[in-house]
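Architecture at a glance
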Amino acid sequence: MTTPSFILELPIQDGDDVRRFLDPKFDFGREVFNATLSTALGRLQALWESKAWREACALEKGKERTKRLNALREAAGLTKYALITVANDHRNAAKRFIPVRTPGVKGKRTPDSECILGAHVAQKIGLQVWKAMERYMFGKGGRPRFKSKRRPLHSLEGQSANATIIWRPSTQEVVWNKRPMKVLIPDTPYVKEALRDPVHPEKPRKVKFCRIVWKMIRGRRRYFLQLVMEGHAPVRHVYAPTSEQVGIDPAPSKVHAYSPEGVLITKAATVDGHEKEIAALQRKMDASRRATNPDNYNADGTAKVGCRNWVFSKNYGKLQLKLNEIHRCLTETRKRDHGTIINLILSLGGSVRVEKNSYLSFQKNFGKSVGKYAVGSLIQRLKNKAESAGLEYVELNPYRLRLSQYEHVEGTYKKKPLSQRWTRVGNCVVQRDIYSAFLAAFANEKSHDPSLLKKEWTRAEPLLRAAGLLRDYDPATDGDLSKSTKEPAFAAAFRRQSGEQLEAFRKHGDSRSPTHHRRRKRKRASKAGKAAGKAVPSR
């Protein structure tokens, strides 16, 4: 039985010596991955072409057919432990050993008996290849791709805490091939509690295994240590009990939540304002690509079909790094904002009820909004957070409930166009998405409870009216609600107890790096100083 675990990510102290030590390991790990994947794909192709496999596939579906297919896969070496062995054999055959200086011999190096990668790391690479092959063989994923220098491995890990990659809490170092690397530990209560044993605080917490990952930050490769710790992560937020319900109605770009304790309407992330900058960089990259590859385009400007050799200039590489940095900042901002929304939702109610949507359909119909705000990822993180915190997460049947059509006063269903943002409920007009969240909060998995809804509506009506999401029905202005496309002016959340609106994010959230505005300010000051003939300090 597996024990609970969580990940603590810490930065490794940056330096040229660290990159010179780790870069060859990741490059060799990429080669081992490609060699193992090539062997696995070759075995799979030979298996599919064999007569025994075709005869087994022709059998009627059942236990006998499944048994024969599994036996053929095992005989062909397409199993978990077979590929782990293959990865280790490729590692040994490469003979990539650690060079060491011979004492007394100046300038010469001899190979040590220890490989630069380590057997446990190679075995984990074999396990990674097996997972990709397993998804491919059983139709749950596409054909695995090889790792190139432009799309390399991003992480290497060991199998246990005392194998190859070792964490030393006493000296705050990670050791690989007897080479210690300093780890920077933030002085925060969360990190301190995460590193301490929950039963014996004077002792360090047990580490299952260590993983080293790299990220490209401002055009520079930075390495991080991920400690897979045993136990649960320290508690940073106090969530509501499971007796309090909260309903969620996710949209392509917004999240709507209702609880008797408060309501929430907010964008899923503060990632607006970068479209022009991204478009300008993409235009420059396209112009550079066309200038260096004129033979790869037709006369009408479209790219030629088929395999082509592309040449990229140094300026193109610089533009690519700028574009990658913008997308990295957007990703980190989105991740941060999702966490803020999740904590706010779970503080409203411990029993989360969400309509089971198809986020693949969201991607097909609202591609730009889904790519920018990633509501599907937010809902998945909300589910994982609720389950890990011991709370309740319930998925509702959208075909039975039809939350956007139901009206609990009359007990009727009525379709509405997507442009209609308000709906009539009795003698009131309410914002349609927050009303769907209200219905979800008190619905069963497959049906509504009209008596419970009427009872809770008496509590919800003054809360929604105070938040500006409900008003009395006026025949003069609300006669045709299908034209009510205007959204209400609303902050992030409105709580019943305080009676005030609370913003989950900064009023003007910016996903760019913290030093971005300081650099712009210094640049403007420098230009103003030059215009006035004065010397302006750089910092």
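Residues numbered from 1 in each chain as written. Predicted model: local features only at pLDDT ≥ 70, side-chain atom pairs only at ≥ 80, totals over all residues. Heavy atoms only, no water.

The next subject is the packing of aromatic side chains. A complete count under the given rule lists 13 aromatic pairs for this structure. Relative to Y316, the ring of F312 lies with its centre 4.7 Å away and its plane at 25°, an arrangement referred to as stacked. Residue F312 is classed as partly exposed on the basis of its relative accessible area of 32%. Put simply, the rings of Y258, Y435, F438, F442 and W457 pair up and form one aromatic cluster. We note K215 situated over the ring of F224; from NZ or CZ to the ring centre the distance is 5.0 Å. The lysine or arginine in question, R236, covers the ring of Y190, its NZ or CZ lying 4.0 Å from the ring centre. (Phe/Tyr/Trp six-rings, centres within 6.5 Å; stacked < 30°, edge-to-face > 60°. Buried < 20%, exposed > 50% of the residue type's maximum accessible area, 1.4 Å probe, protein only. Lys NZ or Arg CZ within 6 Å of the ring centre and 35° of its normal.)

All right, on to the sheet that holds strand 19 (residues 470-472) then. With antiparallel pairing, three strands are arranged side by side in an open sheet as 17-18-19. This sheet does not close on itself; its edge strands, each paired only once, are strand 17 (422-425) and strand 19. Neighbouring strand axes in the sheet, compared pairwise and without regard to direction, differ in orientation by 30° on average. Relative to strand 19, strand 18 (residues 428-431) is paired through three bridges, and the arrangement is antiparallel. From the neighbouring strand, V429 faces strand 19, where its bridge partner is R471. Sheet strands in contact with helix 13 (residues 432-441) are strand 17 and strand 18, and its direction is about 90° off that of strand 18. (Pairing = 2+ DSSP bridges. Helix = DSSP H or I, 4+ residues; strand = E, 2+ residues; numbered from the N terminus. Axes fitted to C-alpha atoms, helices over the stretch in contact; angles between N-to-C directions. Contact = heavy atoms within 4.5 Å.)

For the chain, mean pLDDT is 86; residues scoring 70 or higher make up 86% of the total. Considering only residues more than four positions removed or in separate chains, one finds that residues 497-515, a stretch of pLDDT under 50, has 43 contacts. (pLDDT = per-residue confidence, 0-100.)

So, on to the pairing of strand 6 (residues 173-176). Looking at chain direction, strand 5 (residues 165-168) and strand 6 are connected through four bridges and run antiparallel. Bridge pairing in strand 6 places I166 opposite V175. By the bridge criterion, four bridges tie strand 6 to strand 7 (residues 179-182) in an arrangement that is antiparallel. Within strand 7, the residue paired with V175 across the bridge is P180. If you look at the hairpin formed by strand 6 and strand 7, you'll find two residues sitting between the two strands, and N177 has a positive phi there, around 55°.

Time to look at the pattern of salt bridges. For side chains bearing opposite charge, pairing can occur when the charged atoms are close. Using the criterion set out here, one finds 25 salt bridges in the structure. Close ionic contact of R220 with D14 constitutes a salt bridge, the shortest N to O distance being 3.0 Å. Note that R220 is positioned in strand 9 (residues 220-230) and D14 in the loop between strand 1 (5-11) and helix 1 (16-49), a separation of 206 residues in sequence. Of the residues examined, D14 reaches a relative accessible area of 33% and is grouped as partly exposed. Each member of the salt-bridge network shares a partner with another, and the members are D14, D16, R19, R220 and R222. (Salt bridge = Lys/Arg side-chain N within 4 Å of Asp/Glu carboxyl O.)

So, on to the nonpolar core. In this structure, I12, L117, W176, M181, I212, L225 and L227 are the most contacted members of the largest nonpolar core, which totals 57 residues. The leading source of residues in this core is helix 1, at 12 residues. Each residue touching W176, except ones within four places of it in the same chain, is listed here: F21, L22, K25, I116, L117, V121, L156, T164, I165, M181 and I212. With 35 residues, the next largest nonpolar core counts V246, L281, L323 and I342 among its residues. (Core = buried A, V, L, I, M, F, W, Y, C linked by side-chain atoms within 4.5 Å.)

Here the focus is the environment of L59. Mapped onto the elements of the fold, L59 is located in the loop between helix 2 (51-57) and helix 3 (63-75). L59 sits in the partly exposed class, given a relative accessible area of 32%. Apart from the residues lying within four places of it in its own chain, the contact partners of L59 are R65 and R68.

We now examine helix 7 (residues 275-292). An ideal rise of 1.5 Å per residue puts 26 Å on 18 residues; helix 7 measures up with 26 Å between its terminal C-alpha atoms. Taken together, the buried positions of helix 7 are I278, L281, M285 and S288. Relative to the axis of helix 7, the buried residues are bounded by an arc of 90° and lie together on one face. For helix 7, the exposed residues set more than 90 degrees away from the buried face come down to K276, R283 and A291. Contacts made by the buried residues of helix 7 are with helix 8 (314-348). (Expected span 1.5 Å × (residues − 1). Arc of directions from axis to C-beta.)

Now for the pairing of strand 17. Bridge analysis of strand 17 against strand 18 gives four bridges, and the strand direction is antiparallel. Within the sheet, the bridge partner assigned to W422 lies in strand 18 and is Q431. Adjacent in sequence and paired antiparallel, strand 17 and strand 18 are bridged by two residues, among which G426 carries a positive phi angle near 65°.

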